[in-house]
Amino acid sequence: MQLKPRDKKSLLKAALGEIPSDLLIKNVKLVNVITGEIYPANVYIYEGFIAHVEVENLAADLEAAKEVIDGKGQYLIPGFIDSHVHIESSMMTPRNFAKAVIPKGTTTIITDPHEIANVWGVEGVEYMYDSSEDLPMRQLIDIPSCVPAVPGLENAGATFSAKEVDQLAPKERIIGLAEVMDYVGVINGEERMMEMIETAEKHGLYLQGHAPFLKGRELSAYLCGGPNTCHESRDSEEALAKLRNGMHVDARNSSIARNVKEIWEGVKDVTFFDNFGFCTDDREADDILNIGHINDVVRYGIERGMDPVAAIKSATFNSAREAGIEKLGAIAPGYVADLILLDDLRKLVPNQVFFAGKLVAKDDQLTVEIKAESYPLETKNSVHIKELSVEDFKLKAPAGKDKVVVNMMKYPNPEQSYTEWVKEELPVIDGCVSLNGDKDLKFVAVVNRYEGNDNLAIGVVRGFGTNCGALASTISHDSHNLTIVYEDPAEALIAAQELLHCHGGMSAVKEGKVLHTLELPLAGLMSLLGAEELSLESAKMKEANRALGLEHLANPLLRIVTLALPVIPTVKMSDMGLINVPKKEFIPIIEA
């Protein structure tokens, strides 16, 4: 993708000083992410593009612009680019998301709308595209590659193939094929993934990857398949291996997973960081408002020991090149004038934010209006569940058994999203598996919520973190079926009915009463509230989660969303049963 000026001839004249520029930002310390230098400069901007950077005659030609802003010795850096984000995970609409992140210095995001695509298919992607038009930021979109994440192992609200890639690719702001999560399918050259990759390449789209724990020949095969980025590295050795093999490594600090520290420890001693970047992936409104967006991730990298200029380059110039975007992410003639003025390269708190040469935020407040718009999909119900009973949430045992061996998921620690496969013997009472009073064990029900499918699967998890009650969510990556973690089937039913009533969201039940429900009526994923109001609702939901025992997590809200994600090792649940992720096979819940 190349960002081009509307009138190149006039831009040339502005560069030569033959016509006045629209804006001059003078008296700044320019951070050059191409050379790594910092030096005094004046920057001239014409129709959203940088026309000239003056470093010699700083006192001359100050009249050659219609508007002059005195930078007063502040640092001038490129606007931040989030290389991989799901807007849906903020639980905000694209327009409300823009209102929250622009004051934090985010001027471009590359978003993967596969959450809403799993619910509403192409219609969901088109909603994300249409509702992000005419914003004072750049929301670029990758086409979801895995809807559902792993066909045959789960059921979503839609199915994507090469046909959908071909249909969506011509849209102007669509630039890539989103995180190719079916890494097993790529490695083995399976027809579905190969066709989608070939179609994306035909349209000139870049290929975004997703390769947790891959190494050795499997990593080589994945890279040979085409995807060459990854935001799923979780430890030092993994990150270094990917960087050495030419992969773009995006260090992630999301509201679910924080991996920057481990990744940096692995790569800090390399010489070149051209393939190193940052992303947020999944970040809630509450975190965006209170700690920041991509600027917070970059700041964290600097705190771990990364050079500030190299860190800024990683979230600007590197991110643009990773996605194949020309003329973005640096301060140089011909580049888009997305810029930030700030006092401190380590704190990274923007004083002024410019998008395409226009001031769009100042002192953490928008300076431009983002008009409220409404779209039909925002009022369309996506939660369609058969009539349920308490019996539906009981794990039935084979007749005549008083004990059974149960295959289950186990979280190794409270911070991780991956799970191990373990076997445990559990008692059977009245024909149903009993948790035997073990507070570390919980039932997991995944209920299909799409029209025409009544699937419901029940399993067991150890180490999830709750010690009582029921927790339910229609945010459940990536198919977003209704997932419930519980002890008492009666409380599971209450939680399910609560979310059915409000068209989706999250609900916590304790001692037979609803503690709180976070209503997310848009696709069962998003609220129509702005960031401030949504943050308050999220805070109430977090307190409800903590009341069920999730006290050890700084952010317990999205703990539940990782249970049914069949592209994260080693075992996960879906509406069809327990899955061996690496082998793409089902595991019987109860051994014969």
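Just above sits the structure.
Residues numbered from 1 in each chain as written. Predicted model: local features only at pLDDT ≥ 70, side-chain atom pairs only at ≥ 80, totals over all residues. Heavy atoms only, no water.

Considerations on the overall build of the protein chain
Then step 1. The helix and strand inventory of the protein chain stands at 16 helices and 29 strands.
Then step 2. Over its C-alpha atoms the protein chain spans a radius of gyration of 25 Å, differing by no more than 12% from the 25 Å that the globule rule assigns to 592 residues.
Then step 3. For the protein chain, the C-alpha atoms occupy an extent of roughly 90 × 50 × 45 Å along the three principal directions.
Then step 4. Taken across its 592 residues, the protein chain has 61% of its residues classed as buried.
Then step 5. A total of about 22100 Å² of accessible surface is found on the protein chain, and carbon and sulfur atoms cover 47% of it.
Then step 6. If the 59 positive side-chain charges of the protein chain are averaged to one point and the 88 negative ones to another, these points end up 2 Å apart. (Helix = DSSP H or I, 4+ residues; strand = E, 2+ residues; numbered from the N terminus. Rg over C-alpha atoms; globule rule 2.2 N^0.38 Å. Buried < 20%, exposed > 50% of the residue type's maximum accessible area, 1.4 Å probe, protein only. Areas by Shrake-Rupley, 256 points an atom, 1.4 Å probe, with all protein chains shown as cover. Lys, Arg positive; Asp, Glu negative; His and termini not counted. Charge placed at Lys NZ, Arg CZ, Asp CG, Glu CD.)

Details of the sheet that holds strand β28 (residues 577–580)
Then step 1. Strand order in the open sheet made by the three strands is β27-β28-β29, with antiparallel pairing throughout. Either end of the sheet is taken by a strand with one partner, and the two such strands are β27 (571–574) and β29 (585–587). Adjacent strand axes in the sheet meet at a mean angle of 45° when their direction is disregarded. (Pairing = 2+ DSSP bridges. Axes fitted to C-alpha atoms, helices over the stretch in contact; angles between N-to-C directions.)

As for empty space enclosed by the protein
Then step 1. Tallied over the entire structure, the rule returns four cavities of 30 Å³ or more.
Then step 2. By volume, the largest cavity amounts to about 190 Å³.
Then step 3. If you trace the largest cavity, you find 21 residues lining it, with Glu232, Arg252, Asp281, Asp282 and Leu565 closest to the centre.
Then step 4. Here the residues of the lining of the largest cavity are counted per class, giving five nonpolar, eight polar and eight charged.
Then step 5. Each pocket or cavity is described by its volume, and for the second largest cavity that value is around 50 Å³.
Then step 6. Lining the second largest cavity we find Val150, Leu153, Met181, Asp182, Tyr183, Val184, Pro566, Val567, Val581 and Lys584.
Then step 7. In terms of residue class, the lining of the second largest cavity is made up of eight nonpolar, no polar and two charged. (1 Å grid on protein atoms, 1.4 Å probe; cavity = no way out; pocket = protein on both sides within 12 Å on 5 of 7 lines; lining within 4 Å. Points joined across faces, edges and corners; volume = space filled by probe spheres on them. Nonpolar A, V, L, I, M, F, W, Y, C, P; charged D, E, K, R; others polar.)

What about the side chain of Arg138?
Then step 1. With respect to the helices and strands, Arg138 occurs in strand β8 (residues 138–143).
Then step 2. In terms of polar contacts, Arg138 uses its side chain to reach the side chain of Thr108, at 2.7 Å.
Then step 3. Residues in contact with Arg138, not counting those within four places in the same chain, are Leu3, Thr107, Thr108, Ile109, Leu328, Val336, Asp338 and Phe355. (Polar contact = N/O pair within 3.5 Å; in protein donor to acceptor, adjacent residues only side chain to side chain. Contact = heavy atoms within 4.5 Å.)

Side note on the sheet that holds β8
Then step 1. Pairing is parallel in the open sheet, where five strands are placed in the order β6-β7-β8-β9-β10. Looking at which strands have only one partner, the edges of the open sheet turn out to be β6 (80–85) and β10 (206–209). Across the sheet, the axes of successive neighbouring strands diverge by a mean angle of 30°, strand direction being ignored.
Then step 2. Along the sheet, helix α12 (residues 294–303) makes contact with β6 and β7 (106–111), crossing β6 at roughly 100°.

What about helix α4 (residues 122–130)?
Then step 1. Those residues of α4 that fall on the buried side of the exposure criterion are Val122, Gly124, Val125, Tyr127, Met128 and Tyr129.
Then step 2. Buried residues along α4 sit against α2 (94–101), α3 (114–120), β8, α5 (162–168) and β9 (174–180).

Some words on the nonpolar core
Then step 1. Core analysis: the biggest nonpolar cluster contains 96 residues, and Phe393 and Met506 have the highest contact counts within it.
Then step 2. At six residues, the largest contribution of residues to this core is made by strand β21 (residues 441–447).
Then step 3. Dropping the residues within four chain positions of it, Phe393 is found in contact with Leu388, Ala445, Val447, Ile458, Ile484, Tyr486, Pro489, Ala492, Leu493 and Ala496.
Then step 4. Formed by 50 residues, the second largest nonpolar core is a distinct cluster that contains Val297, Met306, Ala337 and Leu342. (Core = buried A, V, L, I, M, F, W, Y, C linked by side-chain atoms within 4.5 Å.)

As for the pattern of salt bridges
Then step 1. By the definition in use, this model includes 30 salt bridges.
Then step 2. The closest approach of N and O atoms between Glu47 and Arg6, which form a salt bridge, is 2.5 Å. Placement of Glu47 in the loop between β2 (38–46) and β3 (49–54) and of Arg6 in the segment before α1 (8–16) is noted, with a sequence separation of 41 residues between them.
Then step 3. Judged by its relative accessible area of 67%, Arg6 falls in the exposed class.
Then step 4. Put simply, Asp182 and Lys584 hold a salt bridge, and the shortest N to O gap is 3.2 Å. Here Lys584 lies in the loop between β28 and β29 and Asp182 lies in the loop between β9 and α6 (183–187), a separation of 402 residues in the sequence.
Then step 5. Overall, Asp182 belongs to the buried group, its relative accessible area being 4%. (Salt bridge = Lys/Arg side-chain N within 4 Å of Asp/Glu carboxyl O.)

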